[in-house]
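One-letter residues, chain by chain:
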Amino acid sequence: MAVLSRAARTQRGKNILTFGVFLAISAILWVVLSLNEEDQVDMHMRLKIEHVPDSVIIVSTPPEFVNVSMRARRTDLLKSTLTHYPELRVDWRAYRSRGVLALSSSELKTLARSTVAGATVLSANPDSLNLLYTSSRGRRRPVVLDYKVTPGPQVALMGRPVFSPDSVTIYSVGSAGSGLNAIATEPIRLSGLNATTTVRVRLVTPPRTRAIPDSVDVTFRVEPLIVKTRRVVIEPVNVPAGIKLITFPAQVNVSYMLPASIYKHSSPQFRVVADYRQIDRSAPTHNMRLRLVDVDENLQNVYLSTDSAEYIIESLS
């Protein structure tokens, strides 16, 4: 500090100090003059509709934001954004008329201009609003899923998807949606699903109708598959009376994959059959095909260790 004090008392130090003071004053003046200049900005103003009665439902989906291009002094823009981020507040009571909340281009620009003092609004997108509303009671309708989901390798989908809510309330203008018995989701298309997954999907509503809520959560449950093998007796079928069909071997291994949650207590009752009617008497060998029947839908990749067996036919008379 003593060194700086001695340096400031020298002629060179005084010159540097004077230069610094003038530089600071110049910077302040430049900032003041710059803030007083006008600037053109694009603002994304959140649209907020106020004073809507509880008995009224706005059927048309309002835009979340209105993109406004305006010209204003930088000081006014700075003041506006520092105190609060500008919102476009629409008073429902002022603009409603016979089932429509309507704002013209000039009305929308006037509301936007009021958010920033002294601003000139050049354009707004959308440039007007026409929102349908209704005070009619809603109708409860079930939700129907439109989905096509395929699991990845070594996993399986467990049962039907679970979704919530399973029904929604439909509001409509006039007779729109009067014949609507259910509301469908947008198409869900997933492939290679390897883990339990929940997706949020919107509902598809006809024109002049609205669903509340407008989307549902859908969960697809996935479980790993485990390989299991059982030895099953071959069952002759369609054998005429007085005839006995004997296969060699008499039993065959059946391998299959099933979800881990049911692995320990699962005992599927599929059958392996040798159909007498399918015997090809003209074949040079005494081999016949074996078939799996009554396979449980929870099983996947079910296959026989061998798809044929030797046979002999005995007469019982």
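For the structure itself, consult the block above.
Residues numbered from 1 in each chain as written. Predicted model: local features only at pLDDT ≥ 70, side-chain atom pairs only at ≥ 80, totals over all residues. Heavy atoms only, no water.

> Sorry if this is basic, but what is going on with the pattern of salt bridges here?
Pairing between side chains becomes possible if they bear opposite charge and their charged atoms approach one another. Enumeration over the complete set of coordinates arrives at 11 salt bridges. Note that Asp-214 and Arg-202 form a salt bridge whose closest N and O atoms lie 3.3 Å from each other. Here Asp-214, found in the loop between strand S17 (209–212) and strand S18 (215–220), pairs with Arg-202, found in strand S16 (residues 197–204); they are 12 residues apart in sequence, far enough to count as distant. A relative accessible area of 34% places Asp-214 in the partly exposed class. With relative accessibility at 42%, the residue Arg-202 sits in the partly exposed group. A network of salt bridges, in which partner residues are shared, links Glu-50, Glu-87 and Arg-89. (Salt bridge = Lys/Arg side-chain N within 4 Å of Asp/Glu carboxyl O. Helix = DSSP H or I, 4+ residues; strand = E, 2+ residues; numbered from the N terminus. Buried < 20%, exposed > 50% of the residue type's maximum accessible area, 1.4 Å probe, protein only.)

> I would appreciate a short explanation of the environment of Ala-94 in the present structure.
Following the sequence through the fold, Ala-94 ends up in helix H4 (residues 92–95). Take Ala-94: its relative accessible area is 55%, and that puts it in the exposed class. Taking the C-alpha atoms as reference, Ala-94 lies 9.7 Å from His-51; in sequence the two are 43 residues apart.

> Explain the pairing of strand S6 (residues 100–103) to me, please; I cannot follow it from the model alone.
Along S6, the buried face is formed by Leu-101 and Leu-103; none of Val-100 and Ala-102, which line the opposite face, is buried. Counted between consecutive antiparallel strands, the loop separating strand S5 (residues 96–97) from S6 contains two residues, among which Arg-98 sits at a positive phi close to 50°. (Pairing = 2+ DSSP bridges.)

> Looking at this model, I keep getting lost on the side chain of Ser-69. Mind explaining?
With respect to the helices and strands, Ser-69 occurs in strand S3 (residues 65–73). With residues up to four places along the chain from it excluded, the contact list for Ser-69 reads Gln-40, Val-41, Asp-42, Thr-120, Val-121, Leu-122 and Ser-123. (Contact = heavy atoms within 4.5 Å.)

> Please clarify how the environment of Leu-190 should be interpreted in this entry.
Along the polypeptide, Leu-190 turns up in strand S15 (residues 188–193). Between the alpha carbons of Leu-190 and Phe-220 there is a distance of 10.0 Å; along the sequence they are 30 residues apart. The residues contacting Leu-190, other than those within four sequence positions of it, are Lys-148, Val-149, Thr-150, Val-199 and Phe-220.

> Honestly, the sheet that holds strand S23 (residues 287–289) in this entry has me stumped. Any pointers?
Two pairing modes exist for strands in a sheet, parallel and antiparallel, and in both the strands are linked by backbone hydrogen bonds. Strand order in the open sheet made by the three strands is S20-S26-S23, with antiparallel pairing throughout. With partners counted over all chains shown, the strands left at the sheet margins are strand S20 (243–248) and S23, one partner each. Strand-to-strand, the axes of this sheet are offset by a mean angle of 50°, without reference to chain direction. With three bridges connecting them, S23 and strand S26 (residues 308–315) associate as antiparallel partners. Bridge assignment links Arg-289 to a residue of S26, and that residue is Ser-308. (Axes fitted to C-alpha atoms, helices over the stretch in contact; angles between N-to-C directions.)

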